[in-house]
Every structure is written in structure tokens, then in C-alpha cells.
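# An overview of the molecular structure
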Amino acid sequence: MSKEVETEADPIEKVVREFLRDNPDFLDKNTDILETMVLRHNSGKAVSLVERQVGVMRNRNKEMRSRLDNMLQTAKENDLLFEKSKRLVLNLLEAKTLGALVEAVYDSLGKDYGIEFYSLTLFGDEKKLPRTMARIASTEKANERVGTLIGANRAVCGILREDEMVFLFGERGVQVGSVAAVPLRYDSLYGILAVGNSDPGFYKSSMGTLFLSYIAEILNRVLPNHLK
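This section reports on the structure supplied with the text. Fair warning: this is a prediction, and the values are worked out from it, not measured in the lab. (Residues numbered from 1 in each chain as written. Predicted model: local features only at pLDDT ≥ 70, side-chain atom pairs only at ≥ 80, totals over all residues. Heavy atoms only, no water.)

Once that is clear, we can look at helix H6 (residues 98–112). Look at H6: 20 Å from first C-alpha to last across 15 residues, which is about the 21 Å you get at 1.5 Å a residue. Regarding H6, the residues found buried are Leu 98, Leu 101, Val 102, Ala 104, Val 105, Tyr 106, Ser 108 and Leu 109. The positive-phi residue at the C-terminal boundary of H6 is Gly 114, with phi of around 60 degrees. (Helix = DSSP H or I, 4+ residues; strand = E, 2+ residues; numbered from the N terminus. Expected span 1.5 Å × (residues − 1). Buried < 20%, exposed > 50% of the residue type's maximum accessible area, 1.4 Å probe, protein only.)

On inspection of all chains with the given rule, the structure shows 7 salt bridges. Measuring nitrogen to oxygen at the nearest pair gives 3.0 Å for the salt bridge that ties Arg 161 to Asp 163. Given the relative accessible area of 46%, Arg 161 is considered partly exposed. One salt-bridge network, in which partners are shared between bridges, spans Arg 161, Asp 163 and Glu 164. (Salt bridge = Lys/Arg side-chain N within 4 Å of Asp/Glu carboxyl O.)

Right, let's talk about the packing of H6 against helix H9 (residues 210–226) for a bit. Look at H6 against H9: their axes get within 11 Å of each other, and the N-to-C directions meet at 170 degrees. Between H6 and H9, the angle falls in the class roughly antiparallel. Judged by the sense of rotation from one axis to the other, the crossing of H6 with H9 is right-handed. Of the residues in H9, those touching H6 at Leu 98, Leu 101, Val 105 and Leu 109 are Phe 211, Leu 219, Val 222, Leu 223 and His 226. Among the residues forming the contact of H6 with H9, the class breakdown is 8 nonpolar, 1 polar and no charged. (Axes fitted to C-alpha atoms, helices over the stretch in contact; angles between N-to-C directions. Parallel < 35°, antiparallel > 145°, perpendicular 65-115°, else oblique. Left-handed = near helix turned anticlockwise from the far one by under 90°. Contact = heavy atoms within 4.5 Å. Nonpolar A, V, L, I, M, F, W, Y, C, P; charged D, E, K, R; others polar.)

This paragraph deals with the packing of helix H7 (residues 139–151) against helix H8 (residues 162–169). Put simply, H7 and H8 touch, their axes get as near as 10 Å, and they point 110 degrees apart. On the basis of their axis angle, the class for H7 and H8 is roughly perpendicular. By crossing handedness, the relation of H7 to H8 is classed as left-handed. For the pair formed by H7 and H8, the contact residues are Lys 141, Ala 142, Arg 145, Val 146 and Leu 149 on the first element and Asp 163, Glu 164, Phe 167 and Leu 168 on the second. For the contact of H7 with H8, the class distribution of residues is 5 nonpolar, no polar and 4 charged.

Core analysis: the biggest nonpolar cluster contains 33 residues, and Leu 92, Leu 120, Leu 184, Leu 193, Leu 219 and Leu 223 have the highest contact counts within it. Beyond its immediate chain neighbours, meaning those up to four positions away, Leu 219 contacts Leu 92, Leu 101, Val 105, Leu 184, Leu 193 and Pro 224. Among the nonpolar cores identified, the runner-up in size contains 17 residues, and Phe 123, Leu 160, Val 179 and Ala 181 belong to it. (Core = buried A, V, L, I, M, F, W, Y, C linked by side-chain atoms within 4.5 Å.)

Laid out in C-alpha cells, this is it:
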């Protein structure tokens, strides 16, 4: 009775057995399947050397496949990042007005990169600069409120004081937990570009800022043409 139940419970095994019997060269043509199979050698209680070697090679293959998958995933992410960056650069170069330039920056940071908080603060006279989505502040006020940030020659990441957050992001600044900001400077100081996240631990001093610095370098070249 038990044998009949066992036979009825293993219909898949029966199909596999019949398939392999009818196709004796199947495993030769599909070595990837053979690599994952566990084949016991009749060596008593001891584990045979061949079996041990096969096990080691199987583990190495799994590790190599995992590394390859990670490399492919990283390559896809890098390709996507390159496309986003290229689109932003082209839009900045094609911008005919300051408003179009600021819109290109905001559209890229918000839509393409999905950044939670972002702002471009330009230094100058609000009455003289065209009205755009960018924040406007005098250099004197900026030195008073975020002097440490604009005095740096590189991007700065971490947690800022609430008044600094509000200066960069306006009323939404109270919702920002951590920031990455970079001064816009070439032959003179033009402003500051900042991105933020509600998580206080999202932007840390130890993190890389290559992308933000890259965008800042481009803005440093194109902004002067719109601020004359």
C-alpha cells in the first residue's frame, strides 16, 4: 500500500526519469544543470575526493555568478545614470534663459533622480535678476546664514542647523533631515546648489559627492552667461 502511495506522489520524478532515459545526452548539452546536481560516490562513510572537489567548484561557480550578476546590475545602473546626466547637461547647454536653466536643473533632480528636496540659491540683487524658481539672496545674507557652506571649496554633507535648512529650502527646510550642498564658484561666487532628504542619516560626511560636484562644475560654466 505504501509503495502505491509513493508512486502516485512522484509523477514528476517518473516523467524526469523517462525523459532522461529517452535523451541520454541531455546533461552533456546542459552542463549548467549538471553543475548544480549532487552526485554521491560510493565510498562508504568517507567523502570521496572527487565529490569534495566538485562541491568546492560548485561553490566557486555560485560565487562567480553572483559577482557577475552584481557587475551587470552595476553596469545597468551606470548606463542609466549616464543617460540622466547627459540629458541634464544637454538641457543646460540648450537653455536660452535663466528660467529655462533653473527649470532644467529642478526637473532633472526631481523627476529623473527622484531627490526629495532640492534648491538652487543664486546670489545677487532680487530686483535685477529675472524671476525664476531659484531662490535669490545677497552674498552678505548668505555669508551670515550659511557662511561655512559657501566658504568650502567642495560639497558638504551632513546635518545643518534649522536656520541653515530654511535658508536653503525655504519653509520646507524644517522637514529636511540631512543635506548635501556645494557652492557654485568659478571666477566669482554665483550661489549654492543643495539637495536634501528627510532622513538625518541619508547624507553623511563620508559619502561620495561626485555627481553633485559634476553638476556644480557645469553650472559654474553656464551660469555666468545668464547672470550678466
